[in-house]
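# Examination of the molecular architecture
For reference, the chains in residue letters:
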Amino acid sequence: MFFYGKILLGGATREYKKISSELYDFTKPIGKSLDGDLEFYYQEIKDFKGPILEAGVGTGRLLIPYLERGLKIEGLDYSQEMLDLCKKNLDKRGLKTRLYRQDLKTMSLDKKFEAIIMPTGSICLIDNIDLLLKNFYDHLRDQGKIFIDLIFPLDFKPGCRSQIYRLSPSESIVYTSNNEKIDFLEQKTYCLNRYEKWVDDKLVDSELAEFNLNWYGIREFSLLLEKHGFTNIEYIRGYGGQADYLVTFRAQKN
């Protein structure tokens, strides 16, 4: 599951930086399916002939398998560290595609896409999704489609948990997630993540990451899509039943 949220603390960031990106790449390697998302999205987009954009591409966990299957897909992310790892993973496999470093709320690309996908609930980290949905609409071709995951904090519990990930005999990352609270009126959870990089039993670097998780009701999100001009709005529960904490919306530009 995902542990997102916000807490006011000096030095914390809202984006994936070096250590958190490294841990993501280690725990969610290229081609790893999370509750069936890789297979689900492939079935949804495999027949698109034109360019596809993955918003929040990360390290290329989904992008690279789709490129290997012949899809014309490009990636966008705000985290330079994530994009650097994505480029490295592409180079390892002799693959090429366009990667963009832009904010989804202000994105301006030189092309329009047949489909835009945003898996794994990444949209729930963004406070003002009106701007994002407008940009998605503007960057779609006529009759183009969006596919967006929404996640719900079904297992949120206040408290702190830590785990050690051993990258090699000499390197490890200690990940600590502090779930602060859940606000049902504002539809937000609050959390602070800490990442510590250890080499030869010495702490060499650390990061704090603060995030909001915003969640939306089915009717609420449908109305937002309608507001921005989308039609043929549908949703699928949990990749067809494998993940009860999310739904995937698909909608079309006229």
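In what follows, the structure referred to is the one given above.
Residues numbered from 1 in each chain as written. Predicted model: local features only at pLDDT ≥ 70, side-chain atom pairs only at ≥ 80, totals over all residues. Heavy atoms only, no water.

### Observations regarding the sheet that holds strand β7 (residues 171–183)
As a reminder of what qualifies: Strand pairing is defined by DSSP finding a minimum of two bridges between the two strands. Runs of E in the DSSP output that reach at least two residues are strands. Runs of H or I that reach at least four are helices, and both are numbered from the N terminus. Helix axes use the C-alpha atoms of the stretch in contact, all axes being lines fitted to C-alpha atoms, and the angles between their N-to-C directions lie in the range 0 to 180 degrees.
Ordered by their spatial adjacency, 4 strands build an open sheet running β6-β7-β8-β9, and the pairing between neighbours is antiparallel. The open sheet has two free edges, formed respectively by β6 (159–166) and β9 (202–214), since each of these has just one partner strand. Pairs of neighbouring strands in the sheet enclose a mean axial angle of 15°, with direction left out of account. When β6 meets β7, the two strands line up antiparallel, connected through 8 bridges. Across the sheet, the residue bridging to C160 is N178, located in β7.

### Focus: the nonpolar core
Operational definition: The criterion is simple. A nonpolar core is a set of buried Ala, Val, Leu, Ile, Met, Phe, Trp, Tyr and Cys residues joined through side-chain atoms within 4.5 Å. Relative accessibility thresholds used throughout: buried, under 20% of the residue-type maximum; exposed, over 50%; partly exposed, between the two (1.4 Å probe, protein chains only). Contacts are assigned to residue pairs with any non-hydrogen atoms lying within 4.5 Å of each other.
In terms of nonpolar packing, the biggest core is built from 62 residues, with Y66, F136 and F221 touching the most fellow members. Looking at this core element by element, the count peaks at 6 residues for strand β5 (residues 140–151). Setting aside residues no more than four positions away along its own chain, F136 makes contact with A55, L104, M107, I116, M118, I146, I148 and F230.

### Some thoughts on the packing of helix α1 (residues 18–27) against helix α4 (residues 80–92)
Applicable threshold: When an angle is under 35 degrees it counts as roughly parallel; over 145 it counts as roughly antiparallel; between 65 and 115 it counts as roughly perpendicular; any other value is oblique. Crossing handedness is read from the near helix: turned anticlockwise from the far helix by less than a right angle, it gives a left-handed crossing, and turned clockwise, a right-handed one. When residues are grouped by polarity, Ala, Val, Leu, Ile, Met, Phe, Trp, Tyr, Cys and Pro land in nonpolar, Asp, Glu, Lys and Arg in charged, and all others, Gly among them, in polar.
Between α1 and α4, the least distance of the axes is 9 Å, while the angle of their chain directions is 40°. Looking at the two axes, α1 sits oblique to α4. The handedness of the crossing between α1 and α4 comes out as right-handed. Together, K18, S21, E22, Y24 and D25 of α1 and E81, M82, L85 and N89 of α4 make up the contact between the two elements. Residue composition of the contact of α1 with α4, grouped by class: 3 nonpolar, 2 polar and 4 charged.

### As for the side chain of S172
Position of S172 among the secondary structure elements: in strand β7. Setting aside its immediate chain neighbours within four residues, S172 contacts I164, Y165, R166, L167, E196, K197 and W198.

### Remarks on the pairing of strand β4 (residues 113–118)
So the rule is basically this: With its strands directed away from the observer, a crossover is right-handed exactly when the path from the first strand over the helix to the second travels clockwise.
Of all 6 residues making up β4, 5 are buried, and the element is well covered by its neighbours. Relative to β4, strand β1 (residues 52–55) is paired through 3 bridges, and the arrangement is parallel. Residue E54 lies in a different strand from β4, and its bridge partner there is I117. Two strands pair when backbone bridges link them, and β4 and β5 are joined in this way by 5 bridges, in the parallel orientation. Along β5, the bridge assignment pairs A115 with K145. At this point the chain moves from β4, through helix α5 (residues 129–138), to the parallel β5, and the crossover so formed is right-handed.

### A word on the packing of aromatic side chains
Condition: Centres within 6.5 Å make a pair out of two Phe, Tyr or Trp rings, where for Trp the six-membered ring is used; the pair is then stacked when the planes are under 30 degrees apart, edge-to-face when over 60, and tilted otherwise. In our convention, an over-ring charge means Lys NZ or Arg CZ found within 6 Å of a ring centre and within 35 degrees of that ring's normal.
Per the stated rule, a full pass over the model turns up 12 aromatic pairs. A centroid spacing of 5.9 Å and a plane angle of 75° characterise the contact between Y16 and Y24, whose relative ring orientation is edge-to-face. Y16 gets classed as partly exposed once you look at its relative accessible area, which sits at 22%. For Y24, a relative accessible area of 16% translates into the label buried. Taken together, Y216, F221, Y235 and F249 form an aromatic cluster joined through their ring pairs. A cation sits over an aromatic face here: R69 above Y42, 4.6 Å from the ring centre. A cation sits over an aromatic face here: K253 above Y137, 4.9 Å from the ring centre.

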